[in-house]
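Given next are the chains, with one letter for each unit.
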Amino acid sequence: DQDEILARPLERFTEKTLVQPDRLRRALADVRRTGVAVSDGQVTLDALSVAAPVFDGAGDVAAALSIVVNSATANPATLAPVVRAAALGVSRSLRRRRA
């Protein structure tokens, strides 16, 4: 449960790691709103990742598809639509397999 996780101290990997519960809640709300998660320097300063959920035939999240690139050369705004489209394609394939 999200509240249970946020009640414990969170590990900081870099100065960009989200460890404040209120900031992390806002970031999770953004993920739900946009359909993508972006981690820019939160685990290692040189890495940027963009991820999107993959849904199974029942509409539940079955997996995530992500890309990790060098943060100095990438723009999450250009990667997000591509990652979202790829995740949607995999989701459609899973729905077809269920039918």
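Bear in mind the structure is a predicted one, so any value in this text is a computation, not a measurement.

Student: What should I look at first to understand the side chain of T17 in this one?
Tutor: With respect to the helices, strands and loops of the structure, T17 is situated in the loop between α1 (2–7) and α2 (21–34). Looking at T17, its side chain comes within polar contact range of the main-chain nitrogen of T14, at 2.9 Å. Residue contacts for T17: discarding those within four places in its chain leaves E11, R12 and Q42.

Student: Sorry if this is basic, but what is going on with the pairing of strand β3 (residues 61–70) here?
Tutor: Every regular strand shows the same layout, with side chains that alternate between the two sheet faces. Sheet topology places strand β2 (residues 47–55) next to β3; nine bridges connect them, and they run antiparallel. Each residue of the ladder has a partner; that of V54, found in β3, is A63. Following β2, the chain reverses through five residues before pairing antiparallel with β3; G59 in that reversal takes a positive phi of roughly 90°.

Student: Teacher, can you tell me more about the nonpolar core here?
Tutor: When a protein is soluble and globular, its nonpolar side chains tend to lie buried together. Residues V36, L48, V50, A52, V54, L79, A80, V83 and A87 constitute the largest nonpolar core, which totals nine residues. The set of elements that each furnish at least two residues to this core consists of β2 and α3 (76–98). Once residues lying within four places of it in the same chain are set aside, the contact partners of V36 are V31, V50, A51, A52, A80 and R84.

Student: Looking at this model, I keep getting lost on the environment of D22. Mind explaining?
Tutor: With respect to the helices and strands, D22 occurs in helix α2. Sequence separation between D22 and L6 is 16 residues, and the spatial gap between their C-alpha atoms is 8.9 Å.

Student: Quick question: what am I supposed to make of the pairing of strand β1 (residues 37–40) here?
Tutor: With four bridges joining them, β1 and β2 adopt antiparallel strand pairing. In the sheet register, D40 faces β2, and the bridge partner there is L48. Hairpin connection between β1 and β2: a loop of six residues separates the two successive antiparallel strands, and G41 in this loop has a positive phi of roughly 75°.

Rules behind the numbers
Residues numbered from 1 in each chain as written. Predicted model: local features only at pLDDT ≥ 70, side-chain atom pairs only at ≥ 80, totals over all residues. Heavy atoms only, no water. Helix = DSSP H or I, 4+ residues; strand = E, 2+ residues; numbered from the N terminus. Polar contact = N/O pair within 3.5 Å; in protein donor to acceptor, adjacent residues only side chain to side chain. Contact = heavy atoms within 4.5 Å. Pairing = 2+ DSSP bridges. Core = buried A, V, L, I, M, F, W, Y, C linked by side-chain atoms within 4.5 Å. Buried < 20%, exposed > 50% of the residue type's maximum accessible area, 1.4 Å probe, protein only.

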